Amino acid sequence: MKKIIFSLVLLIAIFINSFALAQCEIPKHKKICFRWLLKEYACKIVGSQLAAKNNTQNYYDIDGLRKSIYNKVINSKLYYIEYVNFINENPRLSAVYAELNRLIQKKIKYDALDKANPILIKPAMIGRNANYKLTFNDKILHSFSPPPMRKDNLFFENKEESNVFRTTAAQEMAYAIFENSENWINDIKSLQEYGPLIVTRLETLLTGNDDGLDFDNVDDLLILYCGFKVALENPASYSKPIDQIHFSNTKYIDLALKIYERAVLPKYKAFIILRIISIHQCNYPKPNNKKALEFALKAKNDLYNFVDTETKINFLYLIAYNACCCVAQPPSWNINQKYYQICLDHYTAMLDILKPMLNSRALSQEKIKEFIIKAFYDISIAPCVGLVTLYALSKNFPEAIKSLDIVISMTSPGEDVHDSAVKYREMLLNYIKPLEISDIKFLSSNGQEVKWGEILEINQEYTIQAITKVPVSEPSIKINYSSNYGNGNWDLKKLQNNDTTYQATVKIDSSIIGLNPDNKWRFVAFDYLPDAQSNLGDSKLFIEKAKNQLGYIDGGYFQASSSGIPNEVKEDFSNPVLPITKEAFVAAGVEYLKIEAGNIKKIIPFKNQANMLYYSGHGSSSDGSLVANVAFNPIDIQNNEWANLRVIIIAGCSVLSLDNQLQTPGGGYPKDPGIKWVDLGKRSNLKYFLGYRKTAPRDNQPTGNTTVPASKIICNNFFKKLQDTTTGLRMAWCSDWMGANRNKNGWNACAIEVGIDNNSTNKYHYWIKTFWYGVPDHDEIIKTF
Amino acid sequence: MKKIILITFLVCFMFVNNSFANTIEVELNYGLLPELKYDPNTIKEIKILSDEYVKTIKERDNFDSVLYYKLNSFIKNNKSSLNSLSALYMIIGMCLLDETDEFYLLNGEKLIDYLINNYSKHIQGKLAIIMKATLLEKREMNLEAIQLLEKNYEVILSIENDSSFQPFLDELNLKEPDNKYMMAWYYYYLANIFSKLKDKNNAVINYNKVIKQYPQTNFAKEAKEKIK
């Protein structure tokens, strides 16, 4: 029965209400316009939140629309009713009108409190008894104000849009406190009257169990709390509005920490400590990152296990960020290992949490990406921080570049962080480029730069200079050296007052040059090109065979030419060719010291006498000299100056002839130039002289049935015979040389084998023509003398 | 332009033709009778030719076409004379000279084989074995040369006792005294080849044979130097 009566009353009320409203309706076209206005407002609000967060033009329109709607609703009951009807018809859009509702409710509430407009004291949306007289407590506890619209409230993707503007009980309390503090605390008297109550309520909110406040709420409340505390402690400092009373950061932190200690909700504790960290980070004039780091570590220690993932990431980020700021300080920029490790560990931990979340919905992908980028390269503050900075500070440029590559891959051109990362990457690439050396100078003890062709002595000090292309800051640079068996590096120090020159004085001794652990034989080759009939074919073949066939070590290649025939003399790191000089003959072999610094290479010949010398060029039958661009005679060699040489091959005319002295058939030179060579053999360790007693085959001498010149055929034959020597037997230098020449081009060949001492006999090998039984042939004759 | 090409062609043709003109065809088939006889009427002529031959091989290193034509003519005119074998021997000798073309060597080899195969009982056929060994050695076929010499040991051993050996040496004007010690040459030559082959042991064995068995010869003297 009661139900029937209640329904009847309700129907009558609706009918009456409808009737009353029908009496004074908004004209239809105006109603449509108003509804269109409401829809436009809704569309622009939704659109701006979803797609155009930073579109100021949209917000300008929205503000205009809001004002327009507000004015209509506030000034006309009919429009107000229409407004309420529209919202009730479109409940999905109710959240969109939250800000407008707040403004309207605020107006209604003030009007009600002022009793200026008792008609609106009971609006449809609030439903409160119009005759009830509100107390101050009521005003605090029951006043309603929806939260202001926040552009970043879409942070949690899984939060439904309709919840965005939903207020919690704690928030309602907070807004009430704010509004009443603003409206009722107008002087010191009202401060002292209501202030303690508000402080108590604030403390209750911040340290209670109601977790309905968000970070901004807590932040605002803390400021208000501090304002009241400061104003109550010193009423003279009171000013309006109360939340803008000045107090120091220290005071704030002190009060905030007290709330922190009393707070029971980890969430609020986190909010409070994050604000404290922020204050230290933003400390003016100089950020106090060490203090910020201290609180960030405290936050992690106290709260890490009790907070949500986003807050955990925030803690890790703040620790890493502040540690990064402390890793290296000017002017030394030395790395503090403690902060380095803290920073590295926390950025790594942050990434360990974030990377698996990339394809989850636990956090918005945009936010995850933002955090990952920040972990690598955070340009939101200057100087930038992140792993890139950490690696760059520790000069680990490859890792820094790898980190930048990740940032570049996650961002797009045009984005500040992308463009900055690209530029920074280029800069770092320049750092990891090897130091560019423009020149290396090798100076002898008199300070003169060693020129190509000079043959240096070991066991002396030399100065090495490296000149960089551009001034560099390094106090020293390393340059590498190598010889046949030795290698190492030298530390060159920067010269004072010279930003580009590095220098070191080094002693080149037998630990660098002259090592021969395998006791391999070494060879040296000289080739002189006196005329167009000459070429380098035989000496090149000799080098190739000696090196590859016999496994001998290259002891230098010397060349010279006349009549404009080009030679190959050059300071080439791989194939160096030295000019023929008298000193080169005396040295009879070199070992190269190879120096490398960056892209510059230098090669320096040091005297290291070979065991076998090959000479291709003119020979003088009158005095036994080797006639190249310089004349070299055996008498130029002092006793024991050729201590290492054992074999000399003279692919030149006549100089070994002893035909006159030994009365050998077929000879033609009366002066016996070979005597000087035999004499040299007696006063040195050179024992085998292989050459010619008359004309030697020319470099390009044709051989009739083949295109290979005679000199090359002889060279090939010689090495074949040397290789064929039975293992374990002494090299048969003379007979192999004679055998190699056993053809129509080599019948002038001869060889001298000098006895090991003055009492020993020497041997002279030569060919004679024979006609045994009328058959033309040649026989190798050996004459002892 | 055409004229230039024609002239160039002609010059080239003449040059090529000229180079061919330097090489003469060595006759390989003289149609000598199987049974040759001693012919005293040709001795004088063959001695003149042999003097010229000895002079040629001492003084020059290439094929003497003038002498060849004389020898060739001699053989053609004396197809039944033993002295034609000596003339043939001299033609072969010229083919083995240093500066001769490979063409002559090839023809010389064919004539050597002709002598060995057809007149092995004659002194010229026996000495052709030496020629063959020399030819092989020239071609660096040292092992083949040794095999040939060892295979024909008895033949070469018989040369010294061959009644026609000394008349042959006289006929060819080969006056060196060591010529009569065929086996001294044989061992010395074998030793040289062994030496070339780096077979020191066999080389020394053969040099020592020369030294011990033919100490009076120049071969022994050279052998001593070589094994010092």
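Please read all numbers here as calculations on a predicted model, not as lab measurements. (Residues numbered from 1 in each chain as written. Chains lettered and ligands numbered in written order. Predicted model: local features only at pLDDT ≥ 70, side-chain atom pairs only at ≥ 80, totals over all residues.)

(A) Layout of the packing of helix H14 (residues 337-354) of chain A against helix H15 (residues 365-376) of chain A. Residue and element names in this part refer to chain A. Here H14 crosses H15 at 155°, and the two axes come no closer than 10 Å. Taken together, the axes of H14 and H15 are roughly antiparallel relative to one another. Considering the relative orientation of H14 and H15, their crossing is left-handed. Here H14 contributes Tyr347, Met350, Leu351 and Leu354 to the contact with H15, which in turn contributes Ile368, Phe371, Ile372 and Ala375. (Axes fitted to C-alpha atoms, helices over the stretch in contact; angles between N-to-C directions. Helix = DSSP H or I, 4+ residues; strand = E, 2+ residues; numbered from the N terminus. Parallel < 35°, antiparallel > 145°, perpendicular 65-115°, else oblique. Left-handed = near helix turned anticlockwise from the far one by under 90°. Contact = placed C-beta atoms within 7 Å.)

(B) Summary view of the confidence of the model for chain B. All names here are of chain B. Taken residue by residue, chain B gives an average pLDDT of 85. The fraction at 70 or more is 90%. Mean pLDDT per element in chain B: helix H1 (residues 2-21) is the minimum at 50, and helix H3 (residues 65-77) is the maximum at 92. A low-confidence stretch, residues 11-21 (pLDDT under 50), is modelled with zero contacts involving residues beyond four sequence positions or located in other chains. Model confidence for the complex is summarised by a pTM of 0.60, with the ipTM given as 0.86. (pLDDT = per-residue confidence, 0-100.)

(C) Region of interest: the interface of chain B and chain A. Listed as interface residues are 28 residues of chain B and, on the opposing side, 20 residues of chain A. With four residues, the single largest contributor to the side of chain B that touches chain A is helix H6 (residues 123-138) of chain B. Across the side of chain B that touches chain A, the residue classes tally to 11 nonpolar, four polar and 13 charged. (Nonpolar A, V, L, I, M, F, W, Y, C, P; charged D, E, K, R; others polar.)

(D) Focus on the pairing of strand E3 (residues 476-482) of chain A. Residue and element names in this part refer to chain A. The two faces of E3 differ: Ile477, Ile479 and Tyr481 on one face are buried, but Ser476, Lys478, Asn480 and Ser482 on the other face are not. In this structure, the hairpin formed by E3 and strand E4 (residues 487-494) is closed by a connection of four residues. As defined by bridge partners, E3 adjoins strand E9 (residues 590-597) across three bridges and the pair is classed as antiparallel. The residue bridging Tyr481 from the neighbouring strand is Ile595, located in E9. (Buried ≥ 20, exposed ≤ 12 C-beta atoms within 10 Å, placed from the backbone. Pairing = 2+ DSSP bridges.)

(E) How the structure looks around the packing of H6(B) against helix H7 (residues 142-151) of chain B. Residue and element names in this part refer to chain B. Running from N to C, H6 and H7 cross one another at 165°; their axes reach a closest spacing of 7 Å. The orientation of H6 with respect to H7, classified from their angle, is roughly antiparallel. When you trace H6 past H7, the crossing you get is left-handed. From H6, Ile129, Lys132, Ala133, Leu136 and Glu137 reach across to H7, where they touch Asn142, Glu144, Ala145, Leu148 and Leu149. Residues belonging to the contact of H6 with H7 are distributed by class as follows: six nonpolar, one polar and three charged.

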